[in-house]
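# Notes for the structure review
For reference, the chains in residue letters:
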Amino acid sequence: MLNMILANWLLAAAPPPVNASLVLQPVDNQRVELRLCFQGSGQRVRYRLKVQSRGRAGTAQSGQGGALVAGTTQQCPLVNRVGVTADSQLNAELHWWVDDVEQPVLQRVWPAGDAKDPPEPPATPPGPNEVVA
């Protein structure tokens, strides 16, 4: 019983988690807005964002990083507009840490669901009369 009371007290005393938001949103036909925001309750946040643009003209890659103290008011340390063409694909990958604890990586693709390199389907095992070379 005492363990349950202590566990509930510790959960109640723990600060709420940090919310991270990574959004790729079209602004017009030639630009996409990239917005990275955090909200928390006093936690130290470090982040590293990698953005890759691919299209007929080639590939470009950029990276940005920083640190902040997440407050109750949403903070958006990165709000960028990226130029795109009709054949462009943007990939954004966020690595981030809260109080030096690594968080799950956030990945976004624009246009959404239009990956140029879709994953290959799983291989089926060979049949009884098939030879694998």
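No experiment lies behind these values; they were computed from the predicted model shown.

### Thoughts on the sheet that holds strand 1 (residues 19-28)
The antiparallel open sheet is built from 3 strands, whose spatial order is 1-2-5. On the outer flanks of this sheet lie strand 1 and strand 5 (75-83), each paired with one strand and no other. For this sheet, the mean inter-axis angle between neighbouring strands, taken without regard to orientation, is 15°. Where strand 2 (residues 31-39) meets strand 5, 7 bridges bridge the pair, whose relative direction is antiparallel. Across the sheet, the residue bridging to leucine 34 is asparagine 80, located in strand 5.

### Section: the pairing of strand 4 (residues 58-69)
Of all 12 residues that make up strand 4, 1 are buried, and the element is exposed over most of its length. Judged from the 12 bridges that link them, strand 3 (residues 44-55) and strand 4 form a sheet pairing that is antiparallel. Paired with leucine 49 across the bridge in strand 4 is glutamine 64. Here strand 3 folds back onto strand 4 in antiparallel fashion, the turn holding 2 residues.

### A look at the confidence of the model for the protein chain
With 72% of its residues at a pLDDT of 70 or more, the protein chain has an overall mean of 84. The low-confidence segment residues 114-122 (pLDDT under 50) makes 6 contacts with residues lying over four places distant or belonging to another chain.

### Points about the state of the cysteines
One pass over the full model with this rule turns up 1 disulfide. Covalent S-S linkage joins cysteine 37 and cysteine 76, the inter-sulfur distance amounting to 2.0 Å. As the torsion about the S-S bond is roughly 100°, the cysteine 37-cysteine 76 disulfide counts as right-handed. Residue cysteine 37 is located in strand 2, and its partner cysteine 76 is located in strand 5; the two are separated by 39 residues in the primary sequence. For cysteine 37, a relative accessible area of 2% gives the class buried. Owing to a relative accessible area of 29%, cysteine 76 belongs among the partly exposed residues under this scheme.

The rules behind the values
Residues numbered from 1 in each chain as written. Predicted model: local features only at pLDDT ≥ 70, side-chain atom pairs only at ≥ 80, totals over all residues. Heavy atoms only, no water. Pairing = 2+ DSSP bridges. Helix = DSSP H or I, 4+ residues; strand = E, 2+ residues; numbered from the N terminus. Axes fitted to C-alpha atoms, helices over the stretch in contact; angles between N-to-C directions. Buried < 20%, exposed > 50% of the residue type's maximum accessible area, 1.4 Å probe, protein only. pLDDT = per-residue confidence, 0-100. Contact = heavy atoms within 4.5 Å. Disulfide = S-S within 2.5 Å.

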